[in-house]
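Each chain, letter by letter, is given below.
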Amino acid sequence: MSGFSLDLGPLKEPLGFIRVLEWIFTIFAFATTGGYVGTSQFFTDCKPSPIPVEVHFSYPFRLQTSAFKIPLCNGTQVNSTFLQGDYSSSAEFFVCVGVFGFLYCTATLVLYLGYQSVYRQNTRGPIIDLVITGAFAVLWLVSSSAWGKGLTDVKSATSPDYLVQLCEPQCKQGEFPSMGRLNASVIFRFLNLILWAGNCWFIYKETPFHKDPNQQAAVEDTAAPGP
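Residues numbered from 1 in each chain as written. Predicted model: local features only at pLDDT ≥ 70, side-chain atom pairs only at ≥ 80, totals over all residues. Heavy atoms only, no water.

Now for the packing of helix H1 (residues 14–33) against helix H2 (residues 88–114). Closest axis-to-axis distance for the H1/H2 pair is 8 Å, and the angle between their directions is 150 degrees. For the element pair H1 / H2, the angle class is roughly antiparallel. Seen along the crossing, H1 lies across H2 with a hand that is left-handed. Residue-level contacts link Leu15, Gly16, Arg19, Val20, Glu22, Trp23, Thr26, Ile27, Ala29, Phe30 and Thr33 of H1 to Phe94, Val95, Gly98, Val99, Gly101, Phe102, Tyr104, Cys105, Thr106, Thr108, Leu109 and Tyr112 of H2. Residue composition of the contact of H1 with H2, by class: 14 nonpolar, seven polar and two charged. (Axes fitted to C-alpha atoms, helices over the stretch in contact; angles between N-to-C directions. Helix = DSSP H or I, 4+ residues; strand = E, 2+ residues; numbered from the N terminus. Parallel < 35°, antiparallel > 145°, perpendicular 65-115°, else oblique. Left-handed = near helix turned anticlockwise from the far one by under 90°. Contact = heavy atoms within 4.5 Å. Nonpolar A, V, L, I, M, F, W, Y, C, P; charged D, E, K, R; others polar.)

Rendered as C-alpha cells:
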C-alpha cells in the first residue's frame, strides 16, 4: 500500500460528502440518546400546600430501577415505588449502531482522503465498502424502528398522567419530563437511514459491477507495475 497522501478532492464528490454527513449525524444520533437524564413530577394534594414528588430516570431506561417515594399528608412516606418497564435493549442497540457507524465513517474518511488511489484501483475496496454500508443501512432501519417503539413506551411510563394513577385521588399532575433530546434522536435516526441507504448507490458506482469492463481493464492496466 502506498503512503498516506492527503487529498480533499473526494469531499467535493457525493461519495465523500455524504460520508461526512453520515459522520456528523451518527454523532448526533447516539449523543442525543446516550447520557439522557429526565425528571417527571407530580404533587400530593395536601393542605395547605401540595408536596412535589420528583421521579428521575435516565439512559439506558431500565425504569424498574428508578425508585421514588410518595409522601403522605401527615408527613410520613410510603415504601419506595418503582417505575415500570425495561427499554434498555432498544436504546442500547440504537446507540451501539450509532457508535459503530461513527467509527466506520472515520475509518473510511481516512481511506477516501489519504488512500484514494488505493481505494479506486483495488476493486475489493469499493465492494467491501458497499457491503458494510448496506449492512449499516439495514441496522439503522431495525434499530430505529425498535427505538421508536421504545421511546413511545418510555414517554408513557414516565408521564405524570400515568404516575398520578399510583396514588389517586390524592395526587395531581405536575411537569412533564423534557424529551427534546430524545425527540431529536427520532429525527436523526431517519436522516441516518436515508443517508446510509442513499450512499449505497454512489459506492455501487465505484464497484466493477457498475463500471464499463473496458474502463475497469484500463484502470487495472494503469495500476499494474511496469516490467
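Next up on the list: the UniProt feature "transmembrane region" (unreviewed entry) in the chain. Mapped onto this numbering, the UniProt entry annotates "transmembrane region" (unreviewed entry) at residues 20–38, 91–115, 127–147 and 186–204. What you have in residues 91–115 is 96% helix and 0% strand, and the ends, taken at the C-alpha atoms, are 35 Å apart. (UniProt positions renumbered as here; feature names shortened; annotations may be inferred.)

Our focus in this paragraph is the nonpolar core. Membership of the largest hydrophobic core comes to 34 residues, with the highest contact counts inside it found for Phe42, Phe57, Phe61 and Phe68. Looking at this core, the elements with two or more residues in it are strand S2 (51–58), H2, helix H4 (124–158) and helix H6 (180–204). Considering each element in turn, this core owes the most residues, seven residues, to H4. The residues contacting Phe61, other than those within four sequence positions of it, are Thr33, Tyr36, Gly85, Asp86, Tyr87, Ser88, Ala91, Trp147, Val154 and Leu182. Leu15, Leu109, Cys200 and Ile203 belong to the second-largest nonpolar core, a separate cluster that totals seven residues. (Core = buried A, V, L, I, M, F, W, Y, C linked by side-chain atoms within 4.5 Å. Buried < 20%, exposed > 50% of the residue type's maximum accessible area, 1.4 Å probe, protein only.)

What follows covers the packing of aromatic side chains. Inspection of every chain in the model, using the stated rule, returns 16 aromatic pairs. Arranged with centres 6.5 Å apart and planes meeting at 55 degrees, the rings of Phe25 and Phe28 form a pair that is tilted. Of this pair, Phe25 and Phe28 both sit in helix H1, three residues apart, which is roughly one turn of the helix. Taken together, a centroid distance of 6.0 Å and an interplanar angle of 35 degrees make the contact between Tyr36 and Phe61 tilted. With Tyr36 in the loop between H1 and strand S1 (37–44) and Phe61 in the loop between S2 and strand S3 (67–68), the pair connects residues that are 25 residues apart, well separated along the chain. (Phe/Tyr/Trp six-rings, centres within 6.5 Å; stacked < 30°, edge-to-face > 60°.)

Moving on to unusual backbone geometry. Tyr59 connects to Pro60 through a cis peptide bond whose omega is 15 degrees. At Phe61, a residue that is not glycine, the phi angle is positive and equals roughly 70 degrees. We classify Phe61 as buried; its relative accessible area is 0%.

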